[in-house]
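If you want the building blocks of each chain, they are given just below.
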Amino acid sequence: MQLGKIVGTVVSTQKDEKLTGLKFHVVKNVDFDGNPTSGFVVAVDSVGAGVGEVVLTAAGSSARQTDITKDKPVDAVIMAIVDTIEIDGENRYVK
Amino acid sequence: MQLGKIVGTVVSTQKDEKLTGLKFHVVKNVDFDGNPTSGFVVAVDSVGAGVGEVVLTAAGSSARQTDITKDKPVDAVIMAIVDTIEIDGENRYVK
Amino acid sequence: MQLGKIVGTVVSTQKDEKLTGLKFHVVKNVDFDGNPTSGFVVAVDSVGAGVGEVVLTAAGSSARQTDITKDKPVDAVIMAIVDTIEIDGENRYVK
Amino acid sequence: MQLGKIVGTVVSTQKDEKLTGLKFHVVKNVDFDGNPTSGFVVAVDSVGAGVGEVVLTAAGSSARQTDITKDKPVDAVIMAIVDTIEIDGENRYVK
Amino acid sequence: MQLGKIVGTVVSTQKDEKLTGLKFHVVKNVDFDGNPTSGFVVAVDSVGAGVGEVVLTAAGSSARQTDITKDKPVDAVIMAIVDTIEIDGENRYVK
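Residues numbered from 1 in each chain as written. Chains lettered and ligands numbered in written order. Predicted model: local features only at pLDDT ≥ 70, side-chain atom pairs only at ≥ 80, totals over all residues. Heavy atoms only, no water.

1. Quick look at the pattern of salt bridges
All names here are of chain A. Our working rule: Note on definitions: salt bridges are taken to be side-chain nitrogens of Lys or Arg within 4 Å of carboxyl oxygens of Asp or Glu. Counting from the N terminus, the helices are the DSSP runs of H or I reaching at least four residues and the strands are the DSSP runs of E reaching at least two.
One pass over the full model with this rule turns up 10 salt bridges over all chains. Here E53 ties to K95 by a salt bridge, and the two come within 3.1 Å at their closest N and O atoms. Within this pair, whereas E53 is found in the loop between β3 (36-45) and β4 (54-59), its partner K95 is found in the segment after β7 (90-94), the two being separated by 42 residues in sequence.

2. Let's talk about the interface of chain B and chain A
As a reminder of what qualifies: Working rule for contacts: check all heavy atoms of both residues, and any pair within 4.5 Å makes them a contact. Two parts placed together each lose some accessible area under a 1.4 Å probe, and adding up what both lose gives the buried area. Polar contacts here mean pairs of N or O atoms no more than 3.5 Å apart (in protein, one a potential hydrogen donor and the other a potential acceptor; neighbouring residues in sequence count only if both atoms are side-chain atoms). Any residue outside Ala, Val, Leu, Ile, Met, Phe, Trp, Tyr, Cys, Pro, Asp, Glu, Lys and Arg is labelled polar, Gly included; the first ten of those are nonpolar and the last four are charged.
Opposite the 26 residues of chain B that make contact, chain A presents 29 residues. It is M1, F32 and Q65 of chain B in chain B that bury the most area against chain A; as a group they hold 30% of the surface buried on that side. Where chain B meets chain A, there are 0 salt bridges. One can count 16 residue pairs in polar contact (both at pLDDT 80 or more) joining chain B with chain A. The set of elements that each furnish at least two residues to the side of chain B that touches chain A consists of β1 (2-11), β4 (54-59), β5 (76-81) and β6 (84-87) of chain B. Of the residues contributing to the side of chain B that touches chain A, the split by class is 14 nonpolar, 8 polar and 4 charged.

3. Thoughts on unusual backbone geometry
If you check the backbone angles, D71 of chain A has positive phi at about 65 degrees while not being a glycine. You can see D71 of chain A is positioned in the loop between β4 and β5 (76-81).

4. Considering the arrangement of the chains
For the non-touching pair chain B and chain D, the nearest C-alpha separation works out to 10 Å. A gap remains between chain B and chain E, with no contact made and the closest C-alpha atoms lying 10 Å from each other.

5. Quick word on the pairing of β1 of chain B
Worth spelling out the cut-off: Buried residues are those whose accessible area, probed at 1.4 Å on protein chains only, stays under 20% of the maximum for their type, while exposed residues exceed 50% and partly exposed ones sit between those limits. Only strands that DSSP links by at least two bridges are regarded as paired with each other.
Judged by how many residues are buried, β1 of chain B sits mostly within the fold: 7 of 10 residues are covered. Pairing between β1 of chain B and β4 of chain B: 4 bridges, direction antiparallel. The residue of β4 of chain B that forms the bridge with Q2 of chain B is T57 of chain B. Pairing analysis gives 6 bridges linking β1 of chain B to strand β2 (residues 24-30) of chain B, with the strands arranged antiparallel. Residue pairing for β2 of chain B: G4 of chain B is matched across the bridge by N29 of chain B. Across 4 bridges, the pairing between β1 of chain B and strand β6 (residues 84-87) of chain C is antiparallel. Paired with V11 of chain B across the strands is T84 of chain C, a residue of β6 of chain C.

Honestly, that's just the spatial picture; any functional story needs more than this.
As structure tokens, this is what we get:
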């Protein structure tokens, strides 16, 4: 999984019909402190995450293993909202 | 998913027979403003997208989850045309 | 899919038995003009492509969606020979 | 598989329900001596690994081939704890 | 597939039980002459390859399409030992 921060949203009306109702978030990569670095992915939200939250994303076929993404043309999903990132015994990020 | 802009088309007559009738678009990566950056992918169009449009692409096995790409040797699909990209509460791209 | 140019061939006699009879081509990445850039992949030919041709390759599980690669340990396949690459209304590559 | 060293842990309470009970470790890439380089992944532990250990991780659909990750939205798993890394006949890392 | 050279081995006793008996080789990327470049992967051997040999590796779900890797948490497999790499009509590597 990748650590990321939700910074925005992509809206689309003309899309594959299986995608109706899904929310597409823009997720920037973050470091252990939860600060954005370079790179981003657009991921479907499966956990009720919102802009500003640090999350975990799963990619590829694993992105289709949630109830709302099953069998859909989706290759990245937000499957967890991060509470803490602990590195070498220290809490580097706390929600 | 990746954000991209359709900049062109690849035509092929000698190809796997399952690919007959599919349209292959050249999709350049874009930033949050919809401006092309480096890198591109060739993706099958599943939503009637055309040159100049900003789109979302899904890669890998997820690219085969649309009606027209199912069970075909295709690893990237355009599955949505982007209306808006909103970052930090601001519309950075509007169709 | 990736755009590439076939520049050579890899020969192997000691290999997984499912791979018998498959042809492994060395495919360099190309730009929109069909000129090699950096990076290459070794891909199985499924369309009768030869050295010097510009082709499309599909990767991952999608590489196993052709008749000759099905259920085989192959992660890249040449599934189309490119006739033209048209960018912004201009033919940048013509076979 | 990738060689990595567990340097920390990610905790999440709001997540896909299939993920309950799984442990998410932060795994930094390492060189042949087991020393961290750049890049990291968050991976589910399937072998009882702990912080400080050098491990192997499998990514993509292969990450779902363990008993505890099967059919779950998980794209990286720790599937082995490394005892030794031998390069050119020399033990470069010993647990 | 990627071209690589086996430079070493990773030994693990504490691992997923499906992995018992598998051999994990360290495979460095190589150029067309078979000389190591940057980057490496740890791959399961399915063809009896040994240190010093130039090989092809398949990644992702394709790595599970050999008899010994089927349904196992393995994302890279050595599926062929390379005899020759011919580029532009010249043998750049001969075993």
